[in-house]
Amino acid sequence: MAETRWSVPLSDVLVDDELLETARRTLQSGWWSMGPRVEEFERAFSEFCGVRHALAVSNGTAALHLALLACGCGPGDEVVLPSLNFVAAANSIANTGAQPVFCDIRGSHDLNLDPDDVESVITPRTKALLVLHYGGHPCDMERILQIAADRGLLVIEDAAHAPGATWRGRACGTLGSVGCFSFFSNKNLPIGEGGAVVTNDDEIADRLRLLRSHGMTTLTWDRHRGHAHTYDVVAQGLNYRMDELRAALGLVQLGRLPAANLQRARHVARYRSLLDGQAGALVPFDGDSENSSAHHLAVVILPRATPRDAVREALREKGIQTSVHYPPIHRFSLYARAATSRPLPRTQDIAERLVTLPLFPHMTDDQVDRVAAGILDALPARGRSRTPAKTMRVAAHSLEESPPDLVASPAENLPK
Ligand SMILES: Cc1ncc(COP(=O)(O)O)c(C=O)c1O
């Protein structure tokens with residue numbers, strides 16, 4: 001476990017001899033900037049995803065920015081994305097000069113974007129759909145790919161939560177034009193700071209490669225090996241390269257990813273059995289048997305009008321760290337002022353009620369149980385439910401999604 005003041009931190013990395021030895025050997029090699037380990041990591045990651053090209057980059061935000069640039073997004077373009085998302089996606093769009101246009105989510109059972117709402121905001125200026133697989137759960141790619149094909153749009157996947165997740169057997173991140181991954185410390189494949197862009201499109205791959213390193217036609221590593229002696233600059237690029245240390249750690253972590261994702265799935269199932277339908281709480285994303293999730297996040301949705309801060313404070317007092325994924329981007333001062341700003345009722349409703357619970361592969365069952373008990377103890381309706389969790393869950397979801405005249409607060413059902 002990493003040093004922490006929490007008895008149950010939100011996320012955690014395991015530091016063991018294999019990682020320490022890997023770091024020692026990499027440092028001893030004397031080549032620290034992008035080189036053979038990055039190439040090896042890229043080969044391994046592209047094989048893992050089943051995709052032609054994988055480029056390692058310095059972080060997930062860099063991956064998003066590069067993907068948007070390589071797809072030609074720029075001033076005058078609009079890019080549609082869910083507001084229930086990390087701000088990196090919107091900032092990356094804005095940093096190309098394009099305009100982010102936010103869409104709503106489906107509701108409390110599915111926190112991914114709503115394809116109907118995506119369709120409703122498409123204009124002649126729309127260039128791309130930047131979709132998120134929230135928490136590692138594949139979004140409705142059938143509808144998204146169809147909308148994109150019908151309207152001639154590019155699809156870029158923010159797969160920061162989704163390494164190892166699959167949609168109809170294909171890896172998330174490989175379903176659109178470009179997929180973007182983050183390897184930040186709290187992600188499923190943690191290396192500190194890092195990311196990757198993947199694509200099956202050779203031309204996009206060439207552009208990504210150039211833009212990643214100043215638009216230069218050769219790399220320092222190529223010149224060191226004697227493969228090149230000079231370079232030209234053919235694009236206005238950036239320095240979004242990964243270094244050898246992180247690539248070496250990434251190779252180890254990639255080998256551990258499938259087992260780590262299974263552990264995450266097990267913990268989420270335990271949370272679900274303890275919390276879903278209890279005292280009005282909901283655990284979203286149940287019952288998608290066709291696709292597999294990377295289970296990056298464990299999220300619980302509290303009943304409406306629950307004082308969320310008080311619930312989180314009660315957990316904090318027990319040493320349990322929680323978070324909120326996410327404060328919706330369209331409500332941040334910067335983006336609330338945008339010309340395309342509009343209300344997103346389901347995003348707003350859910351974002352005020354969700355709590356992200358601790359989740360990391362080496363969590364113990366006892367830790368999961370303590371977190372779940374902490375949530376239930378803090379809920380005002382605790383004790384009202386006498387029904388087993390599974391039965392209550394179905395009842396709770398159908399109540400949530402009922403027509404407005406059947407529910408006390410109709411925010412889920414407001415017309416778009
Ligand atoms: C959904 C999502 N997209 C993008 C990013 C950006 O990744 P990074 O922190 O590696 O820049 C994150 C990271 O938190 C994320 O959660």
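That block above? That's the structure.
Below: a short report on this structure. Keep in mind that this is a model prediction, so the values were computed, not measured.

Definitions and limits used
- Residues numbered from 1 in each chain as written.
- Predicted model: local features only at pLDDT ≥ 70, side-chain atom pairs only at ≥ 80, totals over all residues.
- Heavy atoms only, no water.
- Pairing = 2+ DSSP bridges.
- Helix = DSSP H or I, 4+ residues; strand = E, 2+ residues; numbered from the N terminus.
- Axes fitted to C-alpha atoms, helices over the stretch in contact; angles between N-to-C directions.
- Phe/Tyr/Trp six-rings, centres within 6.5 Å; stacked < 30°, edge-to-face > 60°.
- Buried < 20%, exposed > 50% of the residue type's maximum accessible area, 1.4 Å probe, protein only.
- Core = buried A, V, L, I, M, F, W, Y, C linked by side-chain atoms within 4.5 Å.
- Contact = heavy atoms within 4.5 Å.
- Near = heavy atom within 4 Å.
- Polar contact = N/O pair within 3.5 Å; in protein donor to acceptor, adjacent residues only side chain to side chain.
- Areas by Shrake-Rupley, 256 points an atom, 1.4 Å probe, with all protein chains shown as cover.
- Nonpolar A, V, L, I, M, F, W, Y, C, P; charged D, E, K, R; others polar.

Below, the discussion takes up the sheet that holds strand 2 (residues 78-82). What the seven strands build is an open sheet, ordered 1-11-10-7-6-2-3; its pairing is mixed. This sheet does not close on itself; its edge strands, each paired only once, are strand 1 (53-57) and strand 3 (99-103). Mean inter-strand twist for the sheet, computed between neighbouring axes without regard to direction, equals 20°. The pairing of strand 6 (residues 126-132) with strand 7 (residues 154-158) spans five bridges and is classified as parallel. Within the sheet, the bridge partner assigned to Leu-130 lies in strand 7 and is Ile-156.

It is worth spelling out the packing of aromatic side chains at this point. By the definition in use, this model includes eight aromatic pairs. Aromatic side chains Phe-45 and Phe-48 sit 6.3 Å apart centroid to centroid with 25° between the ring planes, which places their arrangement in the stacked category. Linking Phe-45 with Phe-48, this pair stays in helix 2 (residues 36-49), spanning three residues, or about one helical turn. According to the relative accessible area criterion, Phe-45 is buried, its value standing at 1%. Since its relative accessible area comes to 30%, Phe-48 is described here as partly exposed. Arranged with centres 6.1 Å apart and planes meeting at 20°, the rings of Tyr-134 and Phe-285 form a pair that is stacked. With a gap of 151 residues between them, Tyr-134 in the loop between strand 6 and helix 6 (141-151) and Phe-285 in the loop between helix 9 (244-275) and strand 12 (298-301) connect regions that are remote in the sequence. Judged by relative accessible area, Tyr-134 falls into the buried class, the value being 1%.

Within the largest apolar cluster, 45 residues are counted, with the highest numbers of intra-cluster contacts made by Phe-45, Leu-129 and Phe-183. Of all the secondary-structure elements, those providing two or more residues to this core are helix 2, strand 1, strand 3, helix 5 (115-121), strand 6, helix 6, strand 11 (195-199) and helix 9. When residues in this core are grouped by element, the largest group, five residues, is from helix 9. Residues in contact with Leu-129, not counting those within four places in the same chain, are Val-80, Val-118, Ile-144, Ile-147, Ala-148, Leu-153, Leu-154, Val-155 and Ile-156. Judged by nonpolar contacts, the second largest core, of 32 residues, contains Ala-62, Leu-68, Ala-89 and Tyr-240.

Looking at the element boundaries, His-267 is found in helix 9. The buried category is assigned to His-267, whose relative accessible area is 0%. Beyond its immediate chain neighbours, meaning those up to four positions away, His-267 contacts Leu-359, Phe-360, Pro-361, Met-363, Asp-365 and Val-368.

The subject of this paragraph is the site of the ligand. Gly-60, Thr-61, Asp-158, Ser-182 and Lys-187 are the nearest of the 15 residues found near the ligand. Interatomic distance of 2.8 Å between a side-chain N/O atom of Asp-158 and a nitrogen atom of the ligand. Protein burial of the ligand: of its 390 Å² of free accessible surface, 92% is covered by the chains. Considering every element that reaches the shell around the ligand, the biggest residue donor is helix 3 (residues 60-70), with three residues. A class-by-class count of the residues in the shell around the ligand yields six nonpolar, seven polar and two charged.

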